[in-house]
Amino acid sequence: MGRLISLSIFSVTFYMSMHVIKRVLIIGGGFAGLNAAKVLGRSGKVEVILIDRMNHHLFQPLLYQVATAGLNPSDIAVPIRSILSKYRNITVLHGNVNSVDLKNRKVHTNIGEYHYDYLILACGVQNSYFGHEEWMEHAPGLKNVVDAIAIRRQILAAFEKAERTNDPEIQKKFLTFVIVGGGPTGVELAGAIGEMSRFTLARDFRNIDPKLTRILLIEAESRILTSFSENHASRATRDLESLGVQVWTSSQVTRIDADGVEVGKERIQAATVLWAAGVKAMDLNKKLGVGLDTQGRVIVEPDLSLKEYRQVFVAGDQAHFSHQTGKPLPALAPVALQQGRCIARNILLEVARHQRQEFRYVDKGQMATIGRSKAVAEIRGLKIKGFLAWIIWIFVHIYYITGFNNRILVVVQWAMSYLSYRRGARLIY
Ligand SMILES: Cc1cc2nc3c(=O)[nH]c(=O)nc-3n(C[C@H](O)[C@H](O)[C@H](O)COP(=O)(O)OP(=O)(O)OC[C@H]3O[C@@H](n4cnc5c(N)ncnc54)[C@H](O)[C@@H]3O)c2cc1C
């Protein structure tokens, strides 16, 4: 009889342990977090809670288009809740994660405390001013929709203020735009401002000639687009110059204030200075008490988990993964997307079969656009530039943008602005 009871208790406990639904907590609904959630949502095998301090997923590669009045914020941002609404096992919460208690498997947020069986950290990065945090006030960076709207306001207001004055010095200051950082974001911003001043706004003002706008792209390295080939960097430089952008390489910004910038001993009076020079890890990383690299990113194992806490995974920009090439993978959307999916598959594999697989990044290449019909693209060894690269750039971005409606909206807006040179989202608010 006693044996029968213990056998039944064992069977019940075994059954429960086999059927207790595991809870996966995802922090961040960017490329990594969202794609992990989709895989877990489709499986229906685990409970998922996704927490993000924004209520929307943002397609950051097109943020510069919002900042330069080419697209509206809602064209590139979609509520996370609506993207994941079809998955009944996923709960989306709008909240900010303050800290993680790795030992007790708990996450502390401004909306409460959440327990997890598995944790996926996918919080991305923030702008870095290399120890000059005082520059942030005068040189906004481009990381989210709020930044993009503020930059758009600043750019459009600069033209308005230049129109209102007859003082040539003040006009010159308002019509000078400095972009610090010659990576893809800086190049895209500079190209878009160049195109805006040369074409879109060319006939809209009476007191100023927007074509006289001075745009400076300042890069500390010896060339722009350092992650691209030299040939592509020179082509991008020429394309930028054709839009009136002056490209200053090997130039270090030493001061930024309300009236402009200093590059070494040279002073440039400019009402608009934009920051595209660097990013750093989220402050949350320091509180984790695990291994970080020199940039503050969390060092992960080949399966993207933490060495000390195997049920905790880190993905995307927040992670330092160097097991494939010996160097950390670049902070790119495809890296984040693939890592998010890999983690989700590993969690499902472990729950079902106690197995995990290592992450392998499939490099899909990189691209940057310069104005409305020029781009450089490097795809699996193929180097493409000019109009063809721009067409590829368009298709890739349309393909990856989230939501069917957004794809249509973006195509229509681009087609309109391509045919008319207009930038439809020129609203100051
Ligand atoms: C302007 C710009 C242009 C870019 N262009 C390209 C490009 O052309 N091609 C390309 O491949 N890549 C590009 N990137 C890089 C690419 O966008 C990133 O690599 C990618 O977004 C990383 O994805 P992620 O999921 O790691 O982080 P993110 O997409 O940044 O998502 C992080 C999420 O975490 C949330 N979050 C952060 N902290 C907390 C917290 N404490 N609590 C709750 N939620 C939190 C954020 O709100 C956000 O939704 C660009 C980036 C920028 C900023």
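Residues numbered from 1 in each chain as written. Predicted model: local features only at pLDDT ≥ 70, side-chain atom pairs only at ≥ 80, totals over all residues. Heavy atoms only, no water.

K.L.:
Just checking my understanding: could you explain the sheet that holds strand S22 (residues 366-370) for this structure?
P.N.:
Hydrogen bonding along the main chain pairs the strands of a sheet, whether they run parallel or antiparallel. Strand order across the open sheet formed by 3 strands is S22-S23-S24, with antiparallel pairing between neighbours. Single-partner strands in this sheet number two, and they are S22 and strand S24 (382-385). In this sheet, adjacent strand axes meet at a mean angle of 5° when their direction is disregarded. By the bridge criterion, 4 bridges tie strand S23 (residues 374-379) to S24 in an arrangement that is antiparallel. Within S24, the residue paired with Ala377 across the bridge is Ile384. Most of the contacts of helix H9 (residues 230-242) go to S23, to which it runs at about 165°, and overall it touches S22, S23 and S24. Strands in contact with helix H12 (residues 387-400) are S22, S23 and S24; relative to S23, the strand with the most contacts, it is inclined by about 75°. (Pairing = 2+ DSSP bridges. Helix = DSSP H or I, 4+ residues; strand = E, 2+ residues; numbered from the N terminus. Axes fitted to C-alpha atoms, helices over the stretch in contact; angles between N-to-C directions. Contact = heavy atoms within 4.5 Å.)

K.L.:
Looking at this structure, how should I read the site of the ligand?
P.N.:
The environment of the ligand is formed by 27 residues, the closest being Ala32, Asp52, Val97, Asp317 and Ala333. With respect to the ligand, the side chain of Gln60 contributes an N or O atom lying 3.0 Å from an oxygen atom. One of the backbone nitrogen or oxygen atoms of Ala331 is found 3.3 Å away from an oxygen atom of the ligand. In isolation the ligand exposes 990 Å². Once the protein is present, 89% of that is buried. Elements that contribute at least two residues to the shell around the ligand include exactly helix H2 (31-43) and helix H11 (333-353). (Near = heavy atom within 4 Å. Polar contact = N/O pair within 3.5 Å; in protein donor to acceptor, adjacent residues only side chain to side chain. Areas by Shrake-Rupley, 256 points an atom, 1.4 Å probe, with all protein chains shown as cover.)

K.L.:
I tried to follow the confidence of the model for the chain on my own but got confused; where do I start?
P.N.:
Low-pLDDT portions of the prediction should not be read for the details of their coordinates. Residues of the chain with pLDDT of at least 70 account for 94%, and the chain-wide mean is 92. Confidence over residues 12-16 falls short of pLDDT 50; this stretch has 0 contacts with residues more than four positions distant or in other chains. (pLDDT = per-residue confidence, 0-100.)

K.L.:
So what exactly am I meant to see when it comes to a nonpolar patch on the surface here?
P.N.:
A surface patch of nonpolar side chains, about 280 Å² in accessible area, is lined by Ile408, Val412 and Met416. A residue is classified by how much of its surface remains accessible, and Ile408, at 42% relative accessible area, is partly exposed. (Patch = residues over 30% accessible without salt bridge, like charges linked within 9 Å, V, L, I, M, F, W, Y side chains within 5 Å. Salt bridge = Lys/Arg side-chain N within 4 Å of Asp/Glu carboxyl O. Buried < 20%, exposed > 50% of the residue type's maximum accessible area, 1.4 Å probe, protein only.)

K.L.:
Could you clarify how one ought to interpret the domain arrangement of the chain in this entry?
P.N.:
Interfaces are often described in size by the accessible area the parts lose on coming together. If you check the domain split of the chain, you get domain 1 (20-53 + 95-125 + 280-353) and domain 2 (133-277 + 366-420). Distance from the C-alpha centre of domain 1 to the C-alpha centre of domain 2: 33 Å. (Domains from an automatic or database assignment.)

K.L.:
When you look at a positive patch on the surface in this model, what are you seeing that I'm missing?
P.N.:
A cluster of basic residues, Arg42, Lys86, Arg341, Arg345, Lys364 and Arg380, forms a positive patch at the surface. Topologically, Arg42 is positioned in helix H2. (Lys, Arg positive; Asp, Glu negative; His and termini not counted. Charge placed at Lys NZ, Arg CZ, Asp CG, Glu CD.)

K.L.:
Quick question: what am I supposed to make of empty space enclosed by the protein here?
P.N.:
To find leftover empty space, one rolls a probe the size of a water molecule over the atoms. The tally for this structure, following the rule as stated, stands at 2 cavities of 30 Å³ or more. In this structure, the second largest cavity occupies an estimated 30 Å³ of space. A total of 3 residues in the lining of the second largest cavity trace back to one element, the largest contributor, which is H11. Its residues assigned to classes, the lining of the second largest cavity shows 3 nonpolar, 1 polar and 1 charged. (1 Å grid on protein atoms, 1.4 Å probe; cavity = no way out; pocket = protein on both sides within 12 Å on 5 of 7 lines; lining within 4 Å. Points joined across faces, edges and corners; volume = space filled by probe spheres on them. Nonpolar A, V, L, I, M, F, W, Y, C, P; charged D, E, K, R; others polar.)

K.L.:
Which parts of the structure should I look at to understand the pairing of strand S12 (residues 214-218)?
P.N.:
Extensive coverage of S12 is indicated by the burial of 4 of its 5 residues. In this fold, the crossover linking strand S11 (residues 176-180) to S12 by way of helix H8 (residues 184-200) has right-handed handedness. The parallel pair S12 and strand S13 (residues 245-248), bridged by H9, forms a crossover whose chirality is right-handed. (Right-handed = clockwise from strand over helix to strand, strands pointing away.)

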